[in-house]
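Summary of structural features
If you want the building blocks of each chain, they are given just below.
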Amino acid sequence: IKKIFITITLVFLFSSIQAITEKTTHGILFKSGASPINQRTSLSLFEEDLRKFKNNFSLSFELSLWDIEQFGYIFRIIDEKEKEVSFVFVNFRGENDLFFDFNSSITNKSLQIPIDKNDLKGKKWFLLKFDFDLKSNSATVFLQNKSYTLQGTGLTISSSLKFVYGLYGTNLDVPRIAIRDIRIEEQGKLKYAFPLNEADGEEVHDSNGKAQGYVKNPEWIINHHYHWKKEISFHSDCTAGIAYDELHDRIIVINRDSVNFYEPQSESLLTHTLSPQLPFTIFSGEAIYNPEKNECYVYDLDPINEKPFSMSVIELENYSVQNRNPSTGNTLHHHNVFWGNNYSDLYIFGGYGSYSYSNLLYRYDKNSDQWDPVGLKGDKINPRFFSACGHGDDPSEILIFGGFGNESGKQELGGRNLFDLFSIDLETKEISKRWELHEPSTLFVPCSNLVLNQEKTHFYTLCCPHHQVKTTTQLYKFNISDGSYEIVSTPIPMLSEKINTTVYLFFNEPSQRFYAVIREFLNNRTSEIRIYSILAPPVSENDLMIKKQDSFPVIPCAVATCSFVLLFLIIRRFYSGRNQNTPEKIRIGTEGETPKEPSQNAVFVLGDMTVFDNKGTDITHRFSAKLKSLYALILFNSKNAEGGISTESLTAKLWPEKDINGAKNIRGVTVKHLRNILTDMDGITLVHQNSKYLFTFKKSFYCDYIRCVQIMEDIQNSGEANERNLDELLLILKKGTLFPQLQDTWIDSYKSDFENQVEKILIQSIVNLYSNKKYHQMVRLSEVYFMIDPLNEEVLDLSLKAFKKIGKEKQAEILYSRFSANYKNSMGEEYKK
């Protein structure tokens, strides 16, 4: 028992840490007024089941404003009369006069809450809380340690409410906002929590995994932590200098005659003319920004350009240029450049030139205007270029990772990819080797920069197979302690044929955003600059797949699971030695018994999809939308004449937008996840043979779709249905349609075939039951039939007659009214028969 309690404690602590970490990837990003109306985002909670609250309740959520240029409605609380209390972002009263308007259409009361424009920079998250006092007819808003009270909300104890964010009704303005962690408390106790931690789909689940709302046109935030967003593309000089100003969050592109600033926050590109222009062309140099002095150093290491100048310092206040002339005597392509502690010293390391690789460290001496070699000691670092560098945990520590080179530095001896990490202490000038990896299956080189995470446990860098002309670069996350790594982004396509093509990685701490900058060679005069962004912390494809499966709370599930295990072990220990046998549950289809639904090794796909493993645990949450589609597609094809679905057909239906390699990778991951789930179920096996996927089944497995098809085949073969078959068919069909949550076009034909088969069997059975004067069974069957075809007049006629035969004329009137309403909604005219 003691060991079990320790285990529970550890699991709880681990789950808590995981939940805190994952919170940064939660949320929905709303498509705003900048998008067409039918593409704007709407989030609705309790739309179909309005909620009442006693005396008082509170609503809180975290909000991030992504674009202050977009006015609109953040949320509304709407009562049963469609009257609402609204919270609106207002930006049109003046450039710096921004505020939230909290108002009620019930009482026409309004409250303005001012916002400091500076607080919105970097798309920061902030907490909003609303305390509603239904007795006093008031509400208090809490924002950034201040409170504001609106007297006269119009909401009462008798009000039935729903909560809507974004687009709703006739007021169509939506701001570009992100929302996460919605919490609703009643009388000081948490009643509903919506972490908004889904990764796809349109259902919104509470913290218990129950769907309580819907969202249209969502951008799930976690996808912005894996998929690169292309910010901008433009042309520049062939070897323009690239630098980054984190303080102002802008990427600097330096041409010979101008400086371009790309500002991601405003998505704007600004150009300023240099005076005078640079006296040299950058060929093998770089640019680096000094935030202490707001100036950029631009230099070239090509010996041809040694005279008269090879370095310029650009003052970014007035764009003036001061020229200097240091030299290394070697071009040193793809070297590393970095500042020492406090931006006092400028260093370069490594590079390639004169048919050799370098492992030298140079420091720029302002007084002598020279690049001076720095003597290093300690572990040997092989000569290389294409390495990544960045500051380590200590301000004087520089990390050097990977690259391409060899032990001698001589190109004629051949180069190889290097996968090692070194640290250089700029104070002691000592090199320490951290680790070296075994050669991975895919060879790559990093970009010129690496970025340390906040915890100093991992670093990030962009990596690409530079030996391939048409290649891609992806973000890698490396463990500093042992070098283990994972890929944490989608690939960015690029051409690496020319040595002038360079990749940079920058990071903005306030906005928690990575930038990938690619300078891709086009010709001897021009390059294309492409800038991409991704949110931190970036996640792997596997993390994203797990998130798509597991939209349920980590901590409650962990605690509940451990508590269950503890209780089970205590009971087992108490009853040890006693031989108790539990009778096996009766399975549907057992002769002579009333049909019962199984609760182990079962998948229900008519109505809401529900899955039970071999222990009877509900594992529906493990099925993401894509996994549901994969299961459905293989299920439909497992009994066909071809014996499964081909790999090509499966891929084309589920991933039509992917290229061959991309589809292969994501297909492999998805199939692997489905196999892992099925290992917890008996009687079903996913088989891949003859390039086809199919399921094989045993009696221990139950699927309502399979059972339904079996019953219909029995009825069709025998020509009529016995009472027991009809009861079981009703039990299955009355739960709903087949896979109602799947809306992909490929499934339409399968649904249509199934519904046609059901319709044919039901019509046949309804007519037979009426002829045999089994009116009670007939009307029960007709209820299910109307779920498929609500406008069948033949079934209506027989049902009305059957109700009258058994003396239930009131039910006949209700059926007729419902039929007439459906007819008018569908046909646009009254039903006159």
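Everything numeric here is computed off the predicted structure, so don't read it as measured data. (Residues numbered from 1 in each chain as written. Predicted model: local features only at pLDDT ≥ 70, side-chain atom pairs only at ≥ 80, totals over all residues. Heavy atoms only, no water.)

Description of the packing of helix α9 (residues 748-771) against helix α11 (residues 793-805)
- The N-to-C vectors of α9 and α11 enclose an angle of 30 degrees; their axes lie 11 Å apart at closest approach. Classified by the interaxial angle, the pair formed by α9 and α11 is roughly parallel. Both α9 and α11 take part in a crossing whose hand is left-handed. Of the residues in α11, those in contact with Ile763, Ile766, Val767 and Tyr770 of α9 are Glu794, Val795, Leu798, Lys801, Ala802 and Lys805. (Axes fitted to C-alpha atoms, helices over the stretch in contact; angles between N-to-C directions. Helix = DSSP H or I, 4+ residues; strand = E, 2+ residues; numbered from the N terminus. Parallel < 35°, antiparallel > 145°, perpendicular 65-115°, else oblique. Left-handed = near helix turned anticlockwise from the far one by under 90°. Contact = heavy atoms within 4.5 Å.)

Some thoughts on the side chain of Thr25
- Note that Thr25 resides in the loop between α1 (2-23) and β1 (28-30).
- Excluding its chain neighbours within four sequence positions, the residues that come into contact with Thr25 are Ile221, Ile222, His225, Pro537 and Val539.

With respect to the sheet that holds strand β20 (residues 258-263)
- Spatially, the four strands line up as an open sheet ordered β18-β19-β20-β21, and their pairing is antiparallel. Each end of this open sheet is capped by a strand with a single partner; those strands are β18 (241-245) and β21 (268-273). Taken pair by pair, the neighbouring strands of this sheet meet at an average axis angle of 20 degrees, ignoring direction.
- Note: β18 against strand β19 (residues 250-254), five bridges, orientation antiparallel. Bridge pairing links Ala243 to Ile252 in β19. (Pairing = 2+ DSSP bridges.)

Thoughts on the packing of helix α10 (residues 775-788) against α11
- Running from N to C, α10 and α11 cross one another at 145 degrees; their axes reach a closest spacing of 9 Å. Both α10 and α11 take part in a crossing whose hand is left-handed. For the pair α10 and α11, the contacting residues are Tyr775, Met778, Val779, Ser782, Tyr785 and Phe786 in the first and Val795, Leu796, Leu798, Ser799, Ala802, Phe803 and Lys805 in the second.
- A breakdown of the residues in the contact of α10 with α11 according to their chemical character gives ten nonpolar, two polar and one charged. (Nonpolar A, V, L, I, M, F, W, Y, C, P; charged D, E, K, R; others polar.)

Quick look at the pairing of strand β49 (residues 692-697)
- Alignment of strand β47 (residues 645-646) against β49, held across two bridges, turns out to be antiparallel. Within β49, the position partnered with Ile645 by the bridge is Tyr693.
- With six bridges joining them, strand β48 (residues 684-689) and β49 adopt antiparallel strand pairing. For Leu686, the partnering residue across the bridge sits in β49 and is Phe695.
- Taking the residues that link successive antiparallel strands as the turn, the β48-β49 hairpin has two residues, and the phi of Asn690 there is positive, at about 55 degrees.

Examining the nonpolar core
- Counting residues in each nonpolar core, the largest one holds 80 residues, and the members touching the most others are Val605, Tyr631, Tyr705, Phe739 and Phe754.
- Contacts of Val605, omitting those with residues within four sequence positions, involve Tyr631, Cys703, Asp704, Tyr705, Thr737, Leu738, Phe739 and Pro740.
- One finds Phe132, Leu134, Leu143 and Leu167 within the second-largest nonpolar core, a separate group that totals 50 residues. (Core = buried A, V, L, I, M, F, W, Y, C linked by side-chain atoms within 4.5 Å. Buried < 20%, exposed > 50% of the residue type's maximum accessible area, 1.4 Å probe, protein only.)

Details of the confidence of the model for the protein chain
- Mean pLDDT over the protein chain stands at 86; residues scoring 70 or higher make up 90%.
- Ranking the helices and strands of the protein chain by mean pLDDT puts β19 first, with 97, and α1 last, with 48.
- Taken as a whole, residues 7-21 scores under 50 in pLDDT and shows 13 contacts with residues more than four places along the chain or in a different chain.
- A low-confidence stretch, residues 575-594 (pLDDT under 50), is modelled with 26 contacts involving residues beyond four sequence positions or located in other chains. (pLDDT = per-residue confidence, 0-100.)

As for α11
- The terminal C-alpha atoms of α11 lie 18 Å apart, and with 13 residues this matches the ideal 18 Å at 1.5 Å per residue to within 8%.
- Where α11 is buried, its residues meet α9, α10 and α12 (809-827).
- Immediately downstream of α11, the backbone of Gly807 shows phi near 75 degrees, a positive value. (Expected span 1.5 Å × (residues − 1).)

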